[in-house]
Amino acid sequence: GLPLAQSSSQSSSAALPPGPALTEFLARNDDGLEDEDGDRSDWIEIHNVAGAGTVDLDGWSLTDDAGALTKWTFGASTVLPAGGFVVVFASGKDRRISAGTLHTNFRLSGGGEYLALVNPAGTVVNEYAPEYPPQAEDVSYGLSFNPGAMDVERLFTAPSPGAPNGVGAPPVWGVTHTPQQPTDAQDLIVTAQAPTTTAGLPTVDLDYRVMYGGVQTAPMADDGVAPDLVAGDAVYTGVIPSGVSGAGEMVRYRVTVADGLSSTALPFFLEPLGSPEWFGTVVADPSHAGSPLDVWEWFVQNPGAANTSNGTRCSIWIEGEFYDNVKVNRRGQSSAGYPRKSYKFDFNPDDRPELEIFGAPIDEANLN
């Protein structure tokens, strides 16, 4: 995704003018709001900012194409009272009868795209341009309410379709690291995209830990000083130095962003028993070089707990990818007393490995 439109303003009091506004949307609806067909379609929320009185949305439009501003138009008598909300599903089903549930004729892209609300005169009232950033499952995006609607784009880990949004969290996306698997002599370079908003210039920090040691924090910069590539491009860079870890050790990290309103961290870690807590990698172990077999490297803080039927959480490095906060437990009854156990690994629903041997994501794996 492209960086959001940036502003040099440091003010957090950018209140929206009265009238309809596109205040929240969810582009990756996995476990959230269902439509009347029982589908978890993506959705868009329109809020009539107080002060304008009742508005009939007849002739207003929603679009995901800056070149087609009337891509989907509300039908007659879609009445929105002052301070009211209406939710439109972005399902592609194209339903616009005011007495029923509304559906656009387009879907939202989880990877980011243009999105706008347009009045009957063809004027864009508010837009996410040039495109909103890549979206996370069940995390909505929109405008902060503090307490009323503001022109400040935020993330919402607790979506609120048809209700005020709350302050929300500053946007951050595109977290990645290089090299994918460092050697013992290489620094790990971490980058993240975090735009300036009308809430102010963000402060971006890199939290990291080696194996199960304490959490260390390093600042991330957008100053064009190596290893940061370009100053002021909203891409922040941080370094985990090579000297903090050794060959075969796990290195995990997260990115924390704060501005004048609030803070957030990636990964979101929305479900302690169902989502990754950290990004990560494993420092290359020379003893594995040239192995004719795939090597699974797994790390568990309490090995004894992994040997029980209830199990514990662990991290896994396999085929060049890292998976965090994975459930592991002892597998099998007759072999429970054996010195060497069999294990079952349950991967998180939104972070599943696509192993080369299968060519598709897997839910679980057994090591016998």
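Bear in mind that the values here come from a model prediction, so they are computed numbers and not experimental data.

How each quantity is defined
Residues numbered from 1 in each chain as written. Predicted model: local features only at pLDDT ≥ 70, side-chain atom pairs only at ≥ 80, totals over all residues. Heavy atoms only, no water. Helix = DSSP H or I, 4+ residues; strand = E, 2+ residues; numbered from the N terminus. Buried < 20%, exposed > 50% of the residue type's maximum accessible area, 1.4 Å probe, protein only. Contact = heavy atoms within 4.5 Å. Areas by Shrake-Rupley, 256 points an atom, 1.4 Å probe, with all protein chains shown as cover. Lys, Arg positive; Asp, Glu negative; His and termini not counted. Charge placed at Lys NZ, Arg CZ, Asp CG, Glu CD. Core = buried A, V, L, I, M, F, W, Y, C linked by side-chain atoms within 4.5 Å. Pairing = 2+ DSSP bridges. Axes fitted to C-alpha atoms, helices over the stretch in contact; angles between N-to-C directions. Polar contact = N/O pair within 3.5 Å; in protein donor to acceptor, adjacent residues only side chain to side chain.

Trainee: Sorry, what's going on with the overall build of the chain here?
Mentor: Broken down by element type, the chain carries one helix and 27 strands. With respect to the three principal axes, the spread of C-alpha positions in the chain is 70 × 50 × 35 Å. Taken across its 368 residues, the chain has 45% of its residues classed as buried. Partitioning the contacts of the chain with sequence separation of at least 6, the portion at a separation of at least 24 is 57%. Carbon and sulfur atoms form 50% of the exposed surface of the chain, whose accessible area is close to 16,300 Å². Taking the average place of the 19 positive charges on the side chains of the chain and the average place of its 47 negative ones, the gap between the two points comes to 11 Å.

Trainee: Would you mind showing me how to read the nonpolar core here?
Mentor: The nonpolar side chains of a soluble globular protein tend to be buried, and buried together. Core analysis: the biggest nonpolar cluster contains 32 residues, and F25, I44 and L62 have the highest contact counts within it. Every element with two or more residues in this core is listed here: β1 (19–26), β2 (42–49), β7 (85–90), β9 (115–118), β11 (140–145) and β12 (149–156). Of all hydrophobic cores here, the second largest spans 20 residues; its members include A194, L206, V210 and M220.

Trainee: Even after reading the chapter, I still don't get the sheet that holds strand β24 (residues 342–346), so can you show me in this structure?
Mentor: Through backbone hydrogen bonds, the strands of a sheet pair up, either in parallel or in antiparallel fashion. Pairing within the open sheet is antiparallel, and its five strands lie in the order β21-β22-β23-β24-β27. Of all the strands in the sheet, the pair left with one neighbour each is β21 (297–299) and β27 (364–367). Across this sheet, the average inter-strand angle for adjacent strands is 35°, counted without regard to direction. Sheet analysis places β24 next to β27, joined by four bridges and oriented antiparallel.

Trainee: Would you mind going over the sheet that holds strand β10 (residues 124–128) with me for this structure?
Mentor: Taken in spatial order, the four strands of this open sheet run β5-β4-β9-β10, and their pairing is antiparallel. Of all the strands in the sheet, the pair left with one neighbour each is β5 (72–73) and β10. Pairing analysis gives four bridges linking β9 to β10, with the strands arranged antiparallel. Looking at β10, one finds that L115 is bridged to Y128.

Trainee: In this structure, what is going on with the side chain of N325? I would like to understand it.
Mentor: Here N325 lies in strand β23 (residues 321–331). What makes N325 buried here is its relative accessible area of 8%. A polar side-chain atom of N325 sits 2.7 Å from the main-chain carbonyl oxygen of P272. If we ignore the near neighbours within four places in the chain, the residues touching N325 are F269, E271, P272, L273, G274, S275, P276, E277, R313, C314, S315 and N348.

Trainee: What's the story with the environment of A199 in this structure? I'm lost.
Mentor: The topology assignment puts A199 in the loop between β14 (188–193) and β15 (203–210). Since its relative accessible area comes to 4%, A199 is described here as buried. As a C-alpha pair, A199 and M150 span 49 residues in sequence and 9.9 Å in three-dimensional space.

Trainee: Would you mind showing me how to read the environment of Y128 here?
Mentor: Tracing the backbone shows Y128 in strand β10. Put simply, Y128 and L22 are 106 residues apart on the chain and 9.3 Å apart in space, counted from C-alpha to C-alpha. At a separation of 2.8 Å, a polar atom in the side chain of Y128 contacts the main-chain carbonyl oxygen of L22.

Trainee: Would you mind showing me how to read the pairing of β2 here?
Mentor: Each regular strand carries side chains that alternate between the two faces of the sheet. Of all eight residues in β2, eight are buried; the element is thus mostly enclosed. Judged by which residues are buried, β2 turns out to be covered on both faces: D42, I44, I46 and N48 on one side and W43, E45, H47 and V49 on the other are all buried. In the sheet, β1 pairs with β2 via seven bridges, with the strands oriented antiparallel. Bridging from a neighbouring strand, P20 pairs with N48 of β2. As defined by bridge partners, β2 adjoins β7 across six bridges and the pair is classed as antiparallel. When the bridges of β7 are listed, I44 appears paired with V88.

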